Every structure is written in structure tokens, then in C-alpha cells.
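Commentary on secondary and tertiary structure
Residue-level listing of the chains:
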Amino acid sequence: MVYINENNINSIAFPKHFAYDSANFTLVLKNTLDKTIFNIEVSNISTNSRIYEFDLTNKIPETMKVGTYEYSLIDNESQIYEMGVLQYGDYINNPTSYVKSNERKQYTK
């Protein structure tokens, strides 16, 4: 999972699973809850052969909500290079638990 801090976004790293040499990508982010899609043009600035690194300064849309996104890195020929899950912002999962009441009442005539 890749994490993006919503306050200070300078650069972000994605794992690189295959040795592709493309430098320019479209980062496609799809919200897993409301299915909103964001396309962000990025360029690889990494010198490490095992990761992609992108500068996201002023590239995150203001309408992007805190939450979980599916990401895809797509080149100019629409080939998908990487896919995965991305967490944007400090999402806190507060699961709701329910307590079943087993109260019994006896009625009389």
C-alpha cells in the first residue's frame, strides 16, 4: 500500500516490479468508495532502478477526498505498468460494533 500525506506532498515512491524504461506516466486514482477517478500526469524522477518516484507538488486535485484509492500507472500507449492500493490522507477506520440485547420479558394475563 502506498501512503500520501494530504498536507505536504513533495514526492511519492511506488514499487517497481518490472524493468520498464518509460519516464512519463498517467497516474490514475479511483476512489474505492464513490468510484471517482482522477488522472494525474507524472514523470519518473527516481535514480533507483527498483522504484518509481514522482513529484506531486501542485498536482493533487482539490476535490480529492481522504480515503482509499486503486492506483494504476499507465504510459502514453495505454499500457499498465503498475497497479495497487493507495491511501490518501489520515484515514481512521472506526468500526461500529453492535451489542445484541437478549432481554426477555414475560407477559401475564
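One can find the structure itself at the top, above this paragraph.
The structure contained in this document is the topic of the report that follows. (Residues numbered from 1 in each chain as written. Predicted model: local features only at pLDDT ≥ 70, side-chain atom pairs only at ≥ 80, totals over all residues. Heavy atoms only, no water.)

Comments concerning the overall build of the chain
For the chain, the count of helices and strands is zero helices and seven strands. Going residue by residue from the N terminus, the α and β elements of the chain occur as β-β-β-β-β-β-β. Taking 2.2 N^0.38 as the reference for a compact globule, 109 residues should give roughly 13 Å; the C-alpha atoms of the chain span a radius of gyration of 21 Å, well beyond that estimate. Each of the 109 residues in the chain was classed as buried or not, and the buried ones make up 32%. Approximately 8,300 Å² of the chain is accessible, and the part contributed by carbon and sulfur atoms is 46%. Across the chain, 10 positive and 13 negative side-chain charges occur, with their mean positions spaced 21 Å apart. (Helix = DSSP H or I, 4+ residues; strand = E, 2+ residues; numbered from the N terminus. Rg over C-alpha atoms; globule rule 2.2 N^0.38 Å. Buried < 20%, exposed > 50% of the residue type's maximum accessible area, 1.4 Å probe, protein only. Areas by Shrake-Rupley, 256 points an atom, 1.4 Å probe, with all protein chains shown as cover. Lys, Arg positive; Asp, Glu negative; His and termini not counted. Charge placed at Lys NZ, Arg CZ, Asp CG, Glu CD.)

A short note on the packing of aromatic side chains
A complete count under the given rule lists seven aromatic pairs for this structure. With 5.2 Å between their ring centres and 80° between their planes, F25 and Y81 make a pair best called edge-to-face. Placement of F25 in strand β3 (residues 24-31) and of Y81 in strand β7 (residues 80-88) is noted, with a sequence separation of 56 residues between them. Taken as a pair, F25 and Y81 share a single burial class, namely buried. Feature note: the residues F14, F25, Y52, F54, Y71 and Y81 constitute an aromatic cluster, connected by ring pairs. (Phe/Tyr/Trp six-rings, centres within 6.5 Å; stacked < 30°, edge-to-face > 60°.)

A word on the nonpolar core
Within the largest apolar cluster, 22 residues are counted, with the highest numbers of intra-cluster contacts made by F14, L29, F54, L56 and L86. Ignoring sequence-local partners within four residues, the contact set of L56 consists of I4, I9, N10, I12, I40 and V42. (Core = buried A, V, L, I, M, F, W, Y, C linked by side-chain atoms within 4.5 Å. Contact = heavy atoms within 4.5 Å.)

Side note on the pairing of β7
Note: strand β1 (residues 2-4) against β7, three bridges, orientation parallel. By the bridge assignment, Y3 is partnered in β7 with Q87. Pairing between strand β6 (residues 67-74) and β7: eight bridges, direction antiparallel. Its bridge partner being in β7, I74 is matched across the sheet by I80. Here β6 hands over to β7 after five residues, with S78 in that stretch at a positive phi of 65°. (Pairing = 2+ DSSP bridges.)

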